[in-house]
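# Structure at a glance
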Amino acid sequence: MQRLLHAIAVLVAIAYLTLDATTSDARTIVDSAGRSVELPDTVTRVFAAGPPASILVYALKPDALLGWPRALRDEERPYIAAAYRDLPETGRLTGRGGEANLERVLALKPDLIIDFGSVRDTYVDLANRVQEQTGIPYILVNGRFGETANSLRLVGEALGVAERGEMLARDVEATFAELDAILADMPQESRPRVYLARGPDGLETGMKGSINTEIIERAGGRNVAEAAGQYGLVRASPEQVILANPDTIITWDRNFHRAVWSDPLWAGIEAVRRKRVYLSPTAPFGWIDRPPSLNRMMGLKWLAGLFYPERWQGKLREEARAFYRLWYHVDLSEGELDGLLEWASGRAP
């Protein structure tokens, strides 16, 4: 442990000695956890603490992103601008499988570390410890869906791209307002009863209010996974799903989507009988989850069209084209758009 702390101290010293003189200018922002964090005047190198943060940084200021927590897969690459497809794999500091060590972070010489997601005490403690040990500013950004516009404005300011942050924030607000308008007179009992099926057996799901399922609720669906005192991701039993009997199932797992139609455990569920089991695209990032970040804004449009086809005015092809251009910096070919739409229809690549 002493050797590790010594190594970190040496790397910190080297990092400070090699910083450009312009970074002596600093400013202070208050992050989503209420922490006052001093940032360099210009931020050009950002370490994303996890996948949600990498998407946030990429959408706002892709040139600042030092790498992807997980390298892009072949099927994902066409949906990211060419200049950023080969960014290195950096690992992650937070969440499941956090494996990036501090020496790796220091070697990349970031101006800033950003985490986008929970701002609970656990993550505050981690941010404070990493910042103290490395000397690198570390900000926490609220990843809750309802806070998306505020988070874009906060990080836009932090990265020196406030105008782009404002533009994306307004796009979010416009989508939310459009949804609110079509849901205003829609009684709860008339809204679709939805189950999120995660994993190859479809039995992992998110409870109502989970960051993994809040998109379903925001799109006007009723999450059937609801129980007092239960939160986050849970394992459901087949009996629980049968009892809940959702009329709509959303999944991003291809194996589950392929198998559900012939699986006797699911045969009697209304969503299967009515052919309302939908497969979410995951290129370059999931439309529903995986991870729960800005990518969900595309999924929100897709779900609105599935849940309320007579009310939602958007056309999925044009919505996808515009979203990928605005948020992912890429103009999709007709073939790439075809792939996404076929994927959303259950024909994954």
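Residues numbered from 1 in each chain as written. Predicted model: local features only at pLDDT ≥ 70, side-chain atom pairs only at ≥ 80, totals over all residues. Heavy atoms only, no water.

## A look at helix H6 (residues 162-183)
Cut-off, in case you're wondering: Here a helix means four or more residues in a row that DSSP labels H or I, a strand means two or more in a row labelled E, and each is numbered from the N terminus. One less than the number of residues in a helix, times 1.5 Å, gives the span that helix is expected to have. Burial classification: accessible surface area is computed with a 1.4 Å probe over protein chains only, and a residue below 20% of its type maximum counts as buried, one above 50% as exposed, and the rest as partly exposed. Working definition: the arc comes from the directions between the helix axis and the C-beta atoms, pointing outward to the latter. Contacts were defined at the residue level, with two residues in contact if any of their heavy atoms lie within 4.5 Å.
Taking 1.5 Å of rise per residue, 22 residues should cover 32 Å, and H6 covers 31 Å from first to last C-alpha, within 8% of that figure. Listing the buried residues of H6 in full gives Arg164, Gly165, Leu168, Ala169, Val172, Thr175, Phe176, Leu179, Ile182 and Leu183. Taken around the axis of H6, the buried residues stretch over an arc of 155 degrees, which confines them to a single face. Every exposed residue of H6 that faces more than 90 degrees away from the buried side is listed here: Glu163, Arg170 and Ala181. Looking at the packing, one finds that the buried side of H6 touches helix H2 (51-60), helix H5 (148-158), helix H7 (214-218), helix H11 (296-307) and helix H12 (316-328).

## Quick look at the sheet that holds strand E5 (residues 138-142)
Here is the rule: Criterion used throughout: strands pair if DSSP finds at least two bridges between them. Every axis corresponds to a line fitted to the C-alpha atoms, with the helix fit spanning only the stretch in contact, and the corresponding angles, defined between N-to-C directions, vary from 0 to 180 degrees.
Strand order in the open sheet formed by three strands is E3-E4-E5, with parallel pairing between adjacent strands. Taken across any chain shown, the strands that pair with only one partner, and hence form the sheet edges, are strand E3 (46-48) and E5. Put simply, the sheet's adjacent strands are angled 25 degrees from each other on average, direction ignored. Looking at chain direction, E3 and strand E4 (residues 112-117) are connected through three bridges and run parallel. Of the residues in E4, the one forming a bridge with Val46 is Leu112. Against the sheet, H2 makes contact with E3, E4 and E5, and its axis sits at roughly 110 degrees relative to E4, the strand it touches most. Sheet strands touched by helix H4 (residues 121-134): E4 and E5. Its angle to E5, the strand with the most contacts, is close to 160 degrees.

## Some words on the packing of aromatic side chains
What counts here: Stacked, edge-to-face and tilted labels apply to pairs of Phe, Tyr and Trp rings (six-membered ring for Trp) whose centres lie within 6.5 Å, assigned for plane angles under 30 degrees, over 60, and everything in between, in that order. Whether a charge lies above a ring is judged from NZ of Lys or CZ of Arg, which has to be within 6 Å of the ring centre and within 35 degrees of the ring normal.
Following the criterion strictly, the structure yields 15 aromatic pairs and no others. A ring pair is formed by Tyr58 and Tyr84, whose centres lie 5.7 Å apart and whose planes are at 75 degrees; its orientation type is edge-to-face. Note that Tyr58 is positioned in helix H2 and Tyr84 in the loop between H2 and helix H3 (102-108), a separation of 26 residues in sequence. Taken individually, Tyr58 and Tyr84 each receive the classification buried, so the pair is uniform in this respect. Taking 5.6 Å as the distance between ring centres and 75 degrees as the angle between the ring planes, the aromatic pair formed by Phe285 and Tyr328 counts as edge-to-face. One end of the pair, Phe285, is in the loop between strand E11 (277-279) and H11; the other, Tyr328, is in helix H12, with 43 residues separating them in the sequence. Overall, the relative accessible area of 2% leaves Tyr328 in the buried class. Each residue in the set Tyr58, Trp68, Tyr79, Tyr84, Phe285, Phe323, Tyr324, Trp327 and Tyr328 is aromatic and connected to the rest through ring pairs, giving one cluster. Above the plane of the ring of Phe145 lies Arg296, whose end atom (NZ or CZ) is 4.4 Å from the centre.

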